[in-house]
Amino acid sequence: MAIKELIQLFERDTDRLKLEINAYSNEENLWKIDHAIANSAGNLCLHLVGNMSHFVGKEIGGFDYVRDREFEFSGKDVPRSELVGMVEKLQGVVTASLEGLDEAMLDKDYPLEVFGSKMSHSYFLIHLYGHFNYHLGQINYHRRLLDK
């Protein structure tokens, strides 16, 4: 796995996240939940920003970040422009963090035991990429179902 490709993929998909957030015809619909849809697009966006800022920006890149995971899922009515600004900042932080990661570190242990055991940087970065896209897909589906 090459860092250059990871950077390209994360940049592409943070751009897609901005597009999804901006695609809502009504800003209020970012915060809708309905029946079995427990997380709004706004909360999923906050979660992606918090997750990546913590695990990549802080732990790999050394950027200052204090995560508020509870707010990621309970916060409401953050303006769309703020969400997009957070994603734009995230994109820069993730890119800078990965650019500063030596290729040799990919096979070394990630500093945290997130799942209760050690894992390599490469394993966790692949996990984070899948996690990001899982929620990006949820946001897309949320928009198509509830942005009415």
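Our subject is the structure listed above.
**Q** What am I meant to see in the packing of helix α1 (residues 3-23) against helix α2 (residues 41-58) here?
**A** Helix-helix packing is described using two parameters, namely the angle between the two axes and the distance between the axes. Running from N to C, α1 and α2 point in directions that differ by 155 degrees, and their axes come no closer than 11 Å. Classified by the angle their axes make, α1 and α2 are roughly antiparallel. As for how α1 packs across α2, the hand of that crossing is left-handed. Contact residues: α1 offers F10, L17 and I21, while α2 offers A41, C45, L48 and M52. Here the contact of α1 with α2 is composed, by residue class, of 7 nonpolar, no polar and no charged.

**Q** Whenever I open this one, the side chain of T95 confuses me. Can you help?
**A** Of note, T95 is situated in helix α4 (residues 80-99). Since its relative accessible area comes to 12%, T95 is described here as buried. If we ignore the near neighbours within four places in the chain, the residues touching T95 are I7 and E11.

**Q** Just to check I follow, could you spell out the nonpolar core for this structure?
**A** Note that soluble globular proteins tend to have their nonpolar side chains buried in a common cluster. L17, L98 and L125 are the most contacted members of the largest nonpolar core, which has 37 residues in total. Elements supplying a minimum of two residues to this core: α1, α2, α4 and α5 (121-146). No other element matches the 9 residues that α2 contributes to this core.

**Q** What should I look at first to understand unusual backbone geometry in this one?
**A** A negative phi angle characterises most non-glycine residues, just as the trans form characterises most peptide bonds. In this structure, H35 is a non-glycine residue whose phi angle is positive, near 50 degrees. Position of H35 relative to the elements: it lies in the loop between α1 and α2. On the accessibility criterion, H35 (79% relative accessible area) is exposed.

**Q** Please explain α1 as it appears in this structure.
**A** Each α-helix winds once per 3.6 residues, and so residues spaced three or four apart point in a common direction. If you check α1, its first and last C-alpha atoms are 30 Å apart, about what 21 residues at 1.5 Å a residue would give, namely 30 Å. Of the positions making up α1, those classed as buried are I3, L6, I7, F10, D13, T14, L17, K18, E20 and I21. Each buried residue of α1 lies within a common arc of 160 degrees when the element is viewed along its axis, so the set occupies one face. Opposite the packed face of α1, turned more than 90 degrees from it, sit the exposed residues K4 and L19. Against the buried residues of α1 lie α2, α4 and α5.

What counts and what doesn't
- Residues numbered from 1 in each chain as written.
- Predicted model: local features only at pLDDT ≥ 70, side-chain atom pairs only at ≥ 80, totals over all residues.
- Heavy atoms only, no water.
- Axes fitted to C-alpha atoms, helices over the stretch in contact; angles between N-to-C directions.
- Helix = DSSP H or I, 4+ residues; strand = E, 2+ residues; numbered from the N terminus.
- Parallel < 35°, antiparallel > 145°, perpendicular 65-115°, else oblique.
- Left-handed = near helix turned anticlockwise from the far one by under 90°.
- Contact = heavy atoms within 4.5 Å.
- Nonpolar A, V, L, I, M, F, W, Y, C, P; charged D, E, K, R; others polar.
- Buried < 20%, exposed > 50% of the residue type's maximum accessible area, 1.4 Å probe, protein only.
- Core = buried A, V, L, I, M, F, W, Y, C linked by side-chain atoms within 4.5 Å.
- Expected span 1.5 Å × (residues − 1).
- Arc of directions from axis to C-beta.

Honestly, it's all geometry; don't read function into it.
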